[in-house]
Amino acid sequence: VQLQASGGGLVQTGGSLRLSCVASGRTFSSYAMGWFRQPPGKERDFVAAIRWSGGSTYYADSVKGRFTISRTNARNTVYLQMNSLKLEDTAVYYCAAGLRLIASNMGNQYAYDYWGQGTQVTVSS
């Protein structure tokens, strides 16, 4: 599986962005998908994840109520809608795919099998 993330950019605080991640391969619908982010000079952290069916979603506390993860298996695409953006949301955002993910390890980056190249999101005041 190859992943291509896009949709990053520069936005003011309170604004919105939608990230997309397109996957190659015919087994996309079998994978759980996640978004992670890495702020400048910091570790990469979990943002959100979604099961292969789209029926269950998981979020980091810092983004709950502001970000929404969704997927369209017919288009091999997962999205991250980001609203009410804050300065601390500035980071490189990565999408990832995992085949053997369960609820307890959705937030563990080491449980994911494939990673996209990242897209920069910069929030300015």
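In this text the structure is predicted, and so the values were computed from the model without any measurement.

Enquirer: Describe unusual backbone geometry, listing the residues and the values that go with them.
Expert: Even without being a glycine, Asn76 presents a positive backbone phi close to 50 degrees. Note that Asn76 resides in the loop between strand E7 (67-72) and strand E8 (77-82). A positive phi angle, near 50 degrees, is found at Ser84, a position not held by glycine. Within the secondary structure, Ser84 is located in the loop between E8 and strand E9 (91-98).

Enquirer: Lay out the state of the cysteines in plain terms, naming residues and giving numbers.
Expert: Considering all chains together, one arrives at one disulfide under this definition. A sulfur-sulfur separation of 2.1 Å characterises the disulfide bridge that pairs Cys21 with Cys95. Because the sign of the S-S torsion sets the handedness, a value of about 60 degrees for the bond joining Cys21 and Cys95 places this disulfide among the right-handed ones. Of this pair, Cys21 sits in strand E3 (residues 17-23) while Cys95 sits in strand E9, and the two are 74 residues apart along the sequence.

Enquirer: Kindly report on the sheet that holds strand E1 (residues 3-6), identifying the contributing residues and their values.
Expert: Strand order across the open sheet formed by four strands is E1-E3-E8-E7, with antiparallel pairing between neighbours. Each edge of the sheet is formed by a strand with only one pairing partner; in this case those strands are E1 and E7. Taken over all neighbouring pairs, the strand axes of this sheet differ in orientation by 15 degrees on average, direction set aside. Sheet analysis places E1 next to E3, joined by four bridges and oriented antiparallel. Bridge pairing in E3 places Gln4 opposite Val22.

Enquirer: So what's going on with the packing of aromatic side chains? Residues and values would help.
Expert: Enumeration according to the criterion identifies five aromatic pairs in this entry. On the basis of an interplanar angle of 85 degrees and a centroid distance of 5.1 Å, the ring pair of Phe36 and Tyr112 is categorised as edge-to-face. Within this pair, whereas Phe36 is found in strand E4 (residues 32-38), its partner Tyr112 is found in the loop between E9 and strand E10 (114-115), the two being separated by 76 residues in sequence. Comparing Phe36 with Tyr112, the two get one shared label, buried. On the numbers, 5.1 Å between centres and 55 degrees between planes, the contact of Phe36 with Trp115 is tilted. Here Phe36 is found in strand E4, whereas its partner Trp115 is found in strand E10, with 79 residues between them in sequence.

Enquirer: Would you mind going over the pairing of strand E11 (residues 119-124) in detail, with residue names and values included?
Expert: Burial along E11 is one-sided: Thr119, Val121 and Val123 are buried, and none of Gln120, Thr122 and Ser124, which face the opposite way, are. Inspection of the sheet shows E9 paired to E11 by three bridges, in the antiparallel sense. Looking at the pairing, Ala91 lines up with Val121 of E11.

Enquirer: Could you give an account of the pattern of salt bridges, with specific residues and numbers?
Expert: The full count for this structure, using the stated rule, is four salt bridges. Where Asp89 meets Arg66, a salt bridge forms, and the shortest distance between an N and an O atom there is 2.7 Å. Placement of Asp89 in the loop between E8 and E9 and of Arg66 in the loop between strand E6 (57-59) and E7 is noted, with a sequence separation of 23 residues between them. Arg66 shares its class with Asp89; the two are buried.

Cut-offs applied
Residues numbered from 1 in each chain as written. Predicted model: local features only at pLDDT ≥ 70, side-chain atom pairs only at ≥ 80, totals over all residues. Heavy atoms only, no water. Helix = DSSP H or I, 4+ residues; strand = E, 2+ residues; numbered from the N terminus. Disulfide = S-S within 2.5 Å. Pairing = 2+ DSSP bridges. Axes fitted to C-alpha atoms, helices over the stretch in contact; angles between N-to-C directions. Phe/Tyr/Trp six-rings, centres within 6.5 Å; stacked < 30°, edge-to-face > 60°. Buried < 20%, exposed > 50% of the residue type's maximum accessible area, 1.4 Å probe, protein only. Salt bridge = Lys/Arg side-chain N within 4 Å of Asp/Glu carboxyl O.

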